Amino acid sequence: MADDNTPSLHDAALHFHEYPRPGKLEIVATKPLANTRDLSLAYSPGVAIPCEEIAADPQAAYKYTSKGNLVAVISNGTAVLGLGNIGALASKPVMEGKAVLFKKFAGIDSIDIEVNEQDPQRFIEIVAPLEPSFGGINLEDIKAPECFEIEETLRERMNIPVFHDDQHGTAIIVAAAVLNAMQLVGKDIAKAKIVTSGAGAAAIACMNMLIAVGAARENIWIADSKGLVTKARHNNVDRWRGAFAQDTDKTELSEVMAGADIYVGLSKAGALKPEMMKDMAENPLILALSNPTPEIMPELAREARPDAMICTGRSDYPNQVNNVLCFPFLFRGALDCGATVINEEMKAAAAHAIARLAHEPGLESSAHGVPAIFGRDYLIPNPFDQRLILRIAPAVAKAAMESGVAARPIADFNAYRDQLNRFVFRSGFIMKPMFERAQGEGKRIAFADGEDERVLRATQVMLEDGIGRSILIGRPSVIEQRIERFGLTLKAGRDFDVVNPEDDPRYRDYVADFHDLVGRKGVTPDTARTIVRTNTTVIGALAVRRGEADALICGLQGRFIKHARDIQSVIGLAPEASQLSTLSMLVMNRGVFSLADTYVNIDPTAPEIVEITLQARDHLRRFNIDAKAALLSYSNFGSRDGLTSEKMRVVYETLKEVAPDLVVDGEMQGDLAINESLRERYVPNSVLKGEANLLIFPNLEAANLSMTLLKELNNALPVGPLLMGTRQPAHILAPSVTSRGIVNMAAIAASEAIAASQ
């Protein structure tokens, strides 16, 4: 299975699976069991009530249990990829891995079941009665031809989706690659000649899938270990391979390679020889999918046929045919509409969705240096493209509904896509109010790092989603070259504006304005000219101050505090602000927590912390979040004296006076801020109920350390930092931000600009 058997990989793999605890899965409760009442609801006597509901209406199981989001990954270990028939127990690491992929990529809970039974009929009798437990069955690593019989019978007997991923997952991705390759070189799939080495489960499924998307059965030639599958071999060919038997006296694959448009290899290393490629049709497509070593290595294939398009099953080459491109999202769509089966229409819809996504500019760079631009080295999307679920799941659900197999049809696809979007981009839920306010308003966002790839990709998304218009500060020629390199569809002037630091007609005006602002702070006219020519943050800030942009986003290069000082010097502080500060939001599984001040003030005074708290409250309101603030310290409500604890007590007393409606308490330690029962031991009548969602720190050291630790320990998604206290909207990005994070910040800045103009 692995493509590297070095000692380092061997040891690392064993360590990975053993520590910190054996295996890759655990069961996590979704309901609290904190007290006797919780126990009575989760088990006896409360559990009897949903049991009665389900007995009366079996569909209620999808409402009251995990069935609708639970898939069984089932194998007997007879055909583990790259390892063969190693048995059920030895296949368990693979099945656990498959379950992890379901959860990671599609949020589907999965349980691996290894069945120690190789007789197909007995295997069927073991699996079929499991239907009440699961919403779907993913069969895995079962050898052919038994897998055909097992899947067919289980599909007939079970009223939930049954899907043999080794067959159909590969087939769907192969179909997507073929559709795009044929389109790229202007060939008609219905006329394409297809040759295949390998006649196992995946190969047969691939050929059936290609027929479903337009290929002609009479143009397909299959070879197994005994040679070409022909009608002359009727005594040693099963009915699944026999469906592709050609009426010919030829016996070897090499004899039918001439004129072939597509080669599909699902056999063994070295099955495709360079000399076999010489007479293939112009611009052939080579899918050499054997793992770990393909039927022909890409370098050798390109040497033999420089015009070839090449796909493999390996992650270290472009065009990887990886089942993770498909199966999690296919099941997601099937489960969400209550599909009773995964039919040909649903599989074809998935193939077309994958193919279409490859035509869209990637959100991030693709792997191994290949630009995410549709072409010979990008026929299918990267397996980690976050949009796969957004395209495949709705397409599959719609196909299920149109083909009449959806028991719970989706009523509102816009709401469904929004739900998927929140899963993919965990910030989706918290960011929704910002996007809704920003869309269609046309606010102008100046980007100080206008040449950066992430900014360019964010500009593409902003354009498509109508969030605002980008003003990119950078060299026009560099921006244009990078747009072309990254396969974006942007055009300067039409889709965004450019400020060229090296040649802008407003340069003299910008210098004069800047010198007026900082001339009495030791900045000479010559220095002002140099800064306005080289400091893109200052240029962007001046554009905002002059009304030529509505907001500024900077920070991908340089120190945070330097950007903050430039912003304060040019844009200035809001009338009610005495200093800048930041609010960092962390999206975690247990909720969204906001921390302040995480970047600016090293040791703020009590009045400054009061101001920071009120600014944070106001920012949270823009997200439709009511602040519940905890003033943090090493002391719990006077339990210890010291400079910071005394400071936070003053903050509390001041906030009670100036903001009586604010839900706030403190000073307190971090655990009391989150744990209500602990907090009640100190202050039973606290206005703060449940978990605090706004954490206010006594100094920068505590705030920044807490933020970075929480982010890493909880795999939290950061939103921000949000710069507070500016006269006009401006934000400083973290250097590690993704293009999606930049889009989020642009929406926040646009929303703030809209609020400022009202």
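Conventions adopted
Residues numbered from 1 in each chain as written. Predicted model: local features only at pLDDT ≥ 70, side-chain atom pairs only at ≥ 80, totals over all residues. Heavy atoms only, no water. Helix = DSSP H or I, 4+ residues; strand = E, 2+ residues; numbered from the N terminus. Buried < 20%, exposed > 50% of the residue type's maximum accessible area, 1.4 Å probe, protein only. Areas by Shrake-Rupley, 256 points an atom, 1.4 Å probe, with all protein chains shown as cover. Lys, Arg positive; Asp, Glu negative; His and termini not counted. Charge placed at Lys NZ, Arg CZ, Asp CG, Glu CD. Pairing = 2+ DSSP bridges. Core = buried A, V, L, I, M, F, W, Y, C linked by side-chain atoms within 4.5 Å. Contact = heavy atoms within 4.5 Å. Axes fitted to C-alpha atoms, helices over the stretch in contact; angles between N-to-C directions. Expected span 1.5 Å × (residues − 1). Polar contact = N/O pair within 3.5 Å; in protein donor to acceptor, adjacent residues only side chain to side chain. Parallel < 35°, antiparallel > 145°, perpendicular 65-115°, else oblique. Left-handed = near helix turned anticlockwise from the far one by under 90°. Nonpolar A, V, L, I, M, F, W, Y, C, P; charged D, E, K, R; others polar. Phe/Tyr/Trp six-rings, centres within 6.5 Å; stacked < 30°, edge-to-face > 60°. Lys NZ or Arg CZ within 6 Å of the ring centre and 35° of its normal. Salt bridge = Lys/Arg side-chain N within 4 Å of Asp/Glu carboxyl O.

Right, let's get into the overall build of the chain. Regarding its fold elements, the chain presents 28 helices and 21 strands. Taking all 758 residues of the chain together, the buried fraction comes to 54%. Accessible area of the chain: about 33600 Å², with a carbon and sulfur share of 52%. Side chains of the chain carry 79 positive and 96 negative charges; the gap between the two charge centres is 3 Å.

Now for the pairing of strand 9 (residues 285–288). Residues Leu285 and Leu287 point to one face of strand 9 and Ile286 and Ala288 to the other, with burial holding for every one of them. As defined by bridge partners, strand 9 adjoins strand 10 (residues 309–312) across four bridges and the pair is classed as parallel. Each residue of the ladder has a partner; that of Ile286, found in strand 10, is Ile310.

So, on to the nonpolar core. The biggest cluster of nonpolar side chains holds 110 residues, and the ones touching the most others in it are Ile137 and Leu287. Broken down by element, the residue count for this core peaks at 11 residues, all from helix 8 (residues 165–185). Apart from residues lying up to four places away in sequence, Ile137 is in contact with Ala72, Ile74, Val127, Met158, Ile160, Pro161, Val162, Phe163 and Phe331.

Quick look at unusual backbone geometry now. In this structure, the amide linkage connecting Asn291 to the following residue, Pro292, adopts the cis form with an omega of 0°. Tracing the backbone through its elements, the reader meets Pro292 in the loop between strand 9 and helix 11 (298–304). Each neighbour pair has its own omega, and for Gly720 with Pro721 the value is 10°, a cis peptide bond. Residue position: Pro721 is located in strand 20 (residues 717–724). A positive phi is found at Asp141, a non-glycine position, where the angle reads about 55°. Relative to the helices and strands, Asp141 is located in the loop between strand 3 (136–139) and helix 7 (146–157).

Bringing the sheet that holds strand 9 into the picture now. The six strands lie next to each other as 7-6-5-8-9-10, forming an open sheet whose pairing is mixed. Because the sheet does not close on itself, it has two edges, and the strands there are strand 7 (227–228) and strand 10. Pairing analysis gives two bridges linking strand 6 (residues 220–224) to strand 7, with the strands arranged antiparallel. Note on strand 7: the bridge partner recorded for Ala223 is Leu228. Helix-sheet contacts for helix 8 involve strand 8 (262–265), strand 9 and strand 10, and the interaxial angle to strand 9 is about 160°.

Let's shift gears to the environment of Ile286. With respect to the helices, strands and loops of the structure, Ile286 is situated in strand 9. For Ile286, a relative accessible area of 0% corresponds to the buried category. Distance in space between the C-alpha atoms of Ile286 and Val264 is 6.4 Å, their sequence separation being 22 residues. In this structure, Ile286 is in contact with Tyr263, Leu272, Met277, Met280, Ile296, Ala308, Met309, Ile310 and Cys311, ignoring residues within four places of it in sequence.

With 13 residues, helix 17 (residues 453–465) should cover 18 Å at 1.5 Å per step; its first-to-last C-alpha distance of 18 Å lies within 8% of that length. Of the positions making up helix 17, those classed as buried are Val455, Leu456, Arg457, Ala458, Thr459, Gln460, Val461 and Met462. Packing partners of the buried residues in helix 17 comprise strand 11 (444–447), strand 12 (469–473), helix 18 (476–485) and helix 28 (739–757). At the N-terminal end of helix 17, a side-chain oxygen is found 2.8 Å from the backbone nitrogen of Arg454, two or three residues along, and the residue is Asp452. Positive backbone phi, at 65°, marks Gly466, one or two positions downstream of helix 17.

Following both chains from N to C, one finds helix 19 (residues 507–518) and helix 20 (residues 525–534) inclined at 120°, their axes separated by 9 Å at the closest point. The angle between the axes of helix 19 and helix 20 places the two elements in the oblique class. The two elements helix 19 and helix 20 meet at a crossing, and its hand is right-handed. In this structure, helix 19 contributes Tyr507, Tyr510, Val511, Phe514 and His515 to the contact, and helix 20 contributes Pro525, Ala528, Arg529, Ile531, Val532 and Arg533. The residue makeup of the contact of helix 19 with helix 20, split by class, is eight nonpolar, one polar and two charged.

The next point concerns the packing of aromatic side chains. Counting across every chain of the model gives nine aromatic pairs. Plain terms: the ring middles of Phe102 and Phe331 are 5.3 Å apart, the flat faces sit at 85° to each other, and that makes the pair edge-to-face. One end of the pair, Phe102, is in helix 5 (residues 92–106); the other, Phe331, is in helix 12 (residues 327–336), with 229 residues separating them in the sequence. On the basis of relative accessible area, Phe102 is assigned to the buried category, the value being 0%. Phe331 sits in the buried class, given a relative accessible area of 0%. Between Phe560 and Tyr599, the aromatic rings sit 4.6 Å apart at their centres with planes inclined by 25°, giving stacked as the arrangement. Separated by 39 residues along the polypeptide, Phe560 in helix 22 (residues 560–570) and Tyr599 in the loop between strand 16 (591–596) and helix 23 (606–622) bring together distant segments of the chain. When its relative accessible area of 24% is taken as the criterion, Tyr599 is described as partly exposed. Counting every residue linked through ring pairs, the aromatic cluster contains Phe102, Phe163, Phe327 and Phe331. Its end group placed over the ring of Tyr507, Arg533 keeps NZ or CZ at 3.8 Å from the ring centre.

This part takes up the side chain of Asp385. Within the secondary structure, Asp385 sits in the loop between helix 13 (344–357) and helix 14 (388–402). Take Asp385: its relative accessible area is 12%, and that puts it in the buried class. Among all residues touching Asp385, those that are not within four sequence positions of it are Leu357 and Tyr378.

Contact geometry of helix 13 with helix 14 gives a least axis separation of 8 Å together with a crossing angle of 150°. By the criterion of interaxial angle, the relationship of helix 13 to helix 14 is roughly antiparallel. Helix 14 is crossed by helix 13, and the crossing has right-handed handedness. Together, Glu345, Met346, Ala349, Ala350, Ala353, Ile354 and Leu357 of helix 13 and Leu388, Arg391, Ile392, Ala395, Val396, Ala399 and Ala400 of helix 14 make up the contact between the two elements. Its residues assigned to classes, the contact of helix 13 with helix 14 comprises 12 nonpolar, no polar and two charged.

This brings us to the pattern of salt bridges. Inspection of the entire model under this criterion finds 44 salt bridges. Lys432 is the partner of Asp418 in a salt bridge, and the nearest nitrogen-oxygen pair spans 3.3 Å. Taken together, the residues Asp418 in helix 15 (residues 413–424) and Lys432 in helix 16 (residues 428–438) connect sequence positions 14 residues apart. Lys432 sits in the partly exposed class, given a relative accessible area of 29%. Three or more residues are tied together by salt bridges with common partners; here these are Asp504, Arg506, Asp513, Arg546 and Glu548.

Just geometry here; none of it tells us what the structure is for.
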